[in-house]
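Listed here are the chains, written in short residue letters.
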Amino acid sequence: MPAVQDTIDRVKAIDVDQYKYGFETILEMEKAPKGLNEDVIRFISAKKDEPEWMLEWRLEAYRRWLTMQEPSWARVSYPKIDFNDLYYYAAPKMNEAPKSLDEVDPEILKAYEKLGIPLREQEILAGVEPKNRVAVDAVFDSVSVATTFKKELAEAGVIFCSISEAIREHPELVKKYLASVVPVSDNFYATLNSAVFTDGSFVYIPPGVRCPMELSTYFRINEKNTGQFERTLIIADKGSYVSYLEGCTAPQRDENQLHAAVVELVALDDAEIKYSTVQNWYPGDSEGKGGIYNFVTKRGDCRGKNSIITWTQVETGSAITWKYPSCILRGDGSRGEFYSIAVSNGRQQIDSGTKMIHLGKNTTSRIISKGISAGQSENTYRGLVSAHRKASGARNFTNCDSLLIGDRCGAHTVPYIESKNASAVFEHEATTSKISEDQLFYCMQRGLDEEEAVALIVNGFVKDVLQKLPMEFAVEAQKLISISLEGSVG
Amino acid sequence: MLEIKNLVVEIEGKRILDGLNLSVNNGEVAAIMGPNGSGKSTLSYIVAGKEDYDILDGEVLLDGENILEMDPAERAVKGVFLAFQYPLEIPGVATMTFLKAALNAQRKARGETELTTPDFIKRVNAAADKLEIPREMLRRALNVGFSGGEKKRMEILQMALFQPRFCILDETDSGLDIDALRVVADGVNALRSPDRTFLVITHYQRLLEHIVPDTVHVMANGKVVKSGGKELAVELEANGYADYKAQEAA
């Protein structure tokens, strides 16, 4: 049929030009020697001015990692990564850590400006209602270059800084919580991250405090052949609340780049953490050349009773995504939520989902996953819902919907359900649908052009999840989804 | 004015339209009748621009301009509107959102200013009230969970909102009870105007009692085989399509 041929042609024409954040910033960089060994880890630790215990912790992780195998169960394929052909530390050259934004290299500030992330507080304040302010931690390759609104947050008792700074300034908190959710030896990438992590954000919300603004970290991989190993730790103490957002982009490069992050969330009694991600790493070109390998371990621990952790993710970037933001529902009455939109186009491969581990009594969880596949991409939802013997009254509702655009992409749903408690109630719904030629014709008959029609149908498909994002990011995410699917339908 | 000249159309090698000629003047309501499989619905899809057909010969002219090379959206901007026999569902997209996006897309393409939201809502509500469409329905996802009659009414609502110059109604009467039929027919009649052209495709004379046509054309075997005034519809109702089927077989 002609329409199908047209779809194929259009998909072929997908160009890297659609990636709007592909620019590179030229800076003088300081790097660790290429490759991975104990000396490189000592180099990183020294660069970060870390205490001896942290270095030991890293070395132990490294030795453990050497004994581990790369996992192969995900539905993704890629050439073997040579872990000795990477740089593990790259930082813009600075004589000393910048004390204020005035000391940050203007090129870096410009890069964030281009990305639409204002770092100067006065700029953020100009014309913006105070209630919409967002505090930003900007991580450029291996270092955090700036954190805004620190003073104001400190007045509320909130600690928001880079993880490197937290290790130096708040060792008691870091020692208590680091790796308490994702153990050092959890998995291959998490162990690697433990050995070589360079920067990321640290958040502590004291008891009873509602964080006065949204917190956000913006990750940028700039340097060639450099892995980014982000480590983020968020602790919401009893009765506190925080909403945290993360964004990520990278330049367009022919080589693949590795991003292996670990994010840990801890919610104590009656605390709530909302963690939202808009992931837009460079996805590679139409032939599958280049792009980010995104191997990420994200886990939240609802440690206290009646605590709540919500993961919301909009995934449009990366050549390969391997990511399962999960919740351990330990505290009685705790609640975990996972809302996901995963868009794949071109040759992207996504294997993503969540785990809801019900340990406590009367714990509840909810999973809404919307996968959209176009081009020749593969999009897999992989999820685990389990109830421990003691998890009486556990409840889960899962809904996985897949939307296919064109006929050369794939959508897969792999749900695992385990229940060791007879009173647990788990529900699972799944659908797979296609944007039909008839739907497109109907919309176009009403005057919408092809791309408007696809955007409208897709936005309808993901609406339930978009509503979970903070307002300003929902608009951003909606645009991003449209851009990712440009030229995907005939 | 809508003119169709020597239209020859195949789908997967099978001939559906075989040298069809038809001319409908401005202000005219033309009824297209004919047995199942005579090519009536194909005709409506070809005029609206649906793909999947091989057009081997012929022209479709709107005021003298051939539209066969245009995509469906461009034709909509030119004023072509098709009321679907089976309107499509768009899950998650509120009817209001859909209507606004479509109307403003058309206006933008014509170089007109886009409507403000209050202005738009006023227009939609007025059109909905006339068609006895509850406003609550406008907040629901387009056509999702609507009954057959509600879907048809929603098509006429769109027609009233877009004010198209060339309206094609494809079996709009199917699935309507007598009350709904009256509401829909009133909606269509309200839109009759000297500069608007209607093609009303139907099996039965029933609809034509409510929307009285100026001309009636009988299709069989991919062609218009007989044209006449509204009395032709009455004659068909009495005698059926047997005569025309016999011609096909001959």
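One structure accompanies this document, and this report is about it. (Residues numbered from 1 in each chain as written. Chains lettered and ligands numbered in written order. Predicted model: local features only at pLDDT ≥ 70, side-chain atom pairs only at ≥ 80, totals over all residues. Heavy atoms only, no water.)

Within the largest apolar cluster, 115 residues are counted, with the highest numbers of intra-cluster contacts made by A:Ile372 and B:Leu7. In terms of residue count, helix H11 (residues 450–466) of chain A provides more of this core than any other element does, nine residues in total. Not counting the four nearest positions on each side in its chain, A:Ile372 is found in contact with A:Ile341, A:Ala342, A:Val343, A:Ser344, A:Asn379, A:Leu403, A:Ile405, A:Val458, A:Phe461, A:Val462 and A:Leu485. Residues A:Ala32, A:Val40, A:Ile41 and A:Tyr62 belong to the second largest nonpolar core, which totals 54 residues. (Core = buried A, V, L, I, M, F, W, Y, C linked by side-chain atoms within 4.5 Å. Buried < 20%, exposed > 50% of the residue type's maximum accessible area, 1.4 Å probe, protein only. Helix = DSSP H or I, 4+ residues; strand = E, 2+ residues; numbered from the N terminus. Contact = heavy atoms within 4.5 Å.)

Residues and elements named next belong to chain A. Along the chain, the position of Glu214 falls in strand S7 (residues 214–220). A C-alpha to C-alpha distance of 39 Å links Glu214 and Lys80, two positions 134 residues apart in sequence. Of note is the side chain of Glu214, whose polar atom sits 2.7 Å from the side chain of Ser243. (Polar contact = N/O pair within 3.5 Å; in protein donor to acceptor, adjacent residues only side chain to side chain.)

All right, on to the pairing of strand S2 (residues 14–24) of chain B then. Residue and element names in this part refer to chain B. In this sheet, S2 lies alongside strand S1 (residues 2–11) in antiparallel orientation, the contact comprising eight bridges. For Leu7, the partnering residue across the bridge sits in S2 and is Leu20. Here S1 folds back onto S2 in antiparallel fashion, the turn holding two residues, of which Glu12 has a positive phi close to 45 degrees. (Pairing = 2+ DSSP bridges.)

This part covers the interface of chain B and chain A. The interface is formed by 31 residues belonging to chain B together with 20 residues belonging to chain A. Together, the buried faces of chain B and chain A total about 2200 Å²; carbon and sulfur atoms form 67% of this surface. Among the residues chain B hides against chain A, the three largest losses belong to B:Asp52, B:Leu88 and B:Phe98. Together they make up 21% of the total. Inspection of the region where chain B meets chain A yields eleven residue pairs in polar contact (both at pLDDT 80 or more). Those elements that place two or more of their residues in the side of chain B that touches chain A are helix H1 (40–48), helix H2 (72–77), strand S6 (80–83), helix H3 (95–109) and helix H6 (148–162) of chain B. At five residues, the largest contribution of residues to the side of chain B that touches chain A is made by H3(B). (Buried area = accessible area lost by both parts, 1.4 Å probe.)

Now for empty space enclosed by the protein. Residues and elements named next belong to chain A. By the definition in use, this model includes seven cavities of 30 Å³ or more. What the second largest cavity holds in volume is close to 110 Å³. Lining the second largest cavity are 18 residues, and of these Ser369, Gly371, Asn379, Thr380 and Tyr381 lie nearest its centre. Elements with a minimum of two residues in the lining of the second largest cavity: strand S17 (335–344), strand S18 (349–358), strand S19 (364–373), strand S20 (378–387), strand S21 (395–404) and strand S22 (410–419). Across the lining of the second largest cavity, the residue classes tally to five nonpolar, eleven polar and two charged. (1 Å grid on protein atoms, 1.4 Å probe; cavity = no way out; pocket = protein on both sides within 12 Å on 5 of 7 lines; lining within 4 Å. Points joined across faces, edges and corners; volume = space filled by probe spheres on them. Nonpolar A, V, L, I, M, F, W, Y, C, P; charged D, E, K, R; others polar.)

Another aspect to go through is a positive patch on the surface. All names here are of chain A. A surface patch of positive charge is lined by Arg210, Lys274, Arg366 and Lys468. Within the fold, Arg210 resides in the loop between strand S6 (201–205) and S7. Residue Arg210 is classed as exposed on the basis of its relative accessible area of 59%. (Patch = residues over 30% accessible without salt bridge, like charges linked within 9 Å, V, L, I, M, F, W, Y side chains within 5 Å. Areas by Shrake-Rupley, 256 points an atom, 1.4 Å probe, with all protein chains shown as cover. Salt bridge = Lys/Arg side-chain N within 4 Å of Asp/Glu carboxyl O. Lys, Arg positive; Asp, Glu negative; His and termini not counted. Charge placed at Lys NZ, Arg CZ, Asp CG, Glu CD.)

Residues and elements named next belong to chain B. Helix length check: H6 (15 residues) gives 22 Å between terminal C-alpha atoms against 21 Å at 1.5 Å per residue, within 8%. Taken across its 15 residues, H6 has twelve buried, putting it largely inside the fold. Those residues of H6 lying buried are Gly149, Lys151, Lys152, Arg153, Met154, Glu155, Ile156, Leu157, Gln158, Met159, Leu161 and Phe162. Among the residues trailing H6, Gln163 stands out with phi positive, at a value near 50 degrees. (Expected span 1.5 Å × (residues − 1).)

A word on a negative patch on the surface. Taken together, the side chains of A:Asp449, A:Glu451, A:Glu452, B:Glu51, B:Asp71 and B:Glu74 make up a negatively charged region of the molecular surface. For A:Glu452, the position within the fold is in helix H11.

All names here are of chain A. Assignment of secondary structure puts Ser402 in strand S21. For Ser402, a relative accessible area of 7% corresponds to the buried category. Ser402 has contacts with Gly371, Ala411, Thr413, Thr431, Thr432, Ser433 and Phe461, leaving out every residue within four places of it along the chain.

A few words on the sheet that holds S1(B). Note: strands within a sheet are paired through backbone hydrogen bonds, in either parallel or antiparallel orientation. Residue and element names in this part refer to chain B. Read across the open sheet, the four strands follow the order S2-S1-S4-S5; overall the sheet is antiparallel. Edge positions in the sheet fall to S2 and strand S5 (65–66), since each has one partner strand and no second. Note: S1 against strand S4 (residues 54–62), seven bridges, orientation antiparallel. For Ile4, the partnering residue across the bridge sits in S4 and is Val60.

A separate point is the packing of H6(B) against helix H7 (residues 178–191) of chain B. Packed helix pairs are characterised by how far apart their axes lie and by the angle those axes make with each other. Residue and element names in this part refer to chain B. Running from amino to carboxyl end, H6 crosses H7 at an angle of 15 degrees, the nearest separation of the two axes being 10 Å. The orientation of H6 relative to H7 falls into the category roughly parallel. Of the two possible hands of crossing, H6 and H7 adopt the one that is left-handed. Of the residues in H7, those in contact with Arg153, Ile156, Met159 and Ala160 of H6 are Ala180, Val183, Val184, Gly187, Val188 and Leu191. (Axes fitted to C-alpha atoms, helices over the stretch in contact; angles between N-to-C directions. Parallel < 35°, antiparallel > 145°, perpendicular 65-115°, else oblique. Left-handed = near helix turned anticlockwise from the far one by under 90°.)

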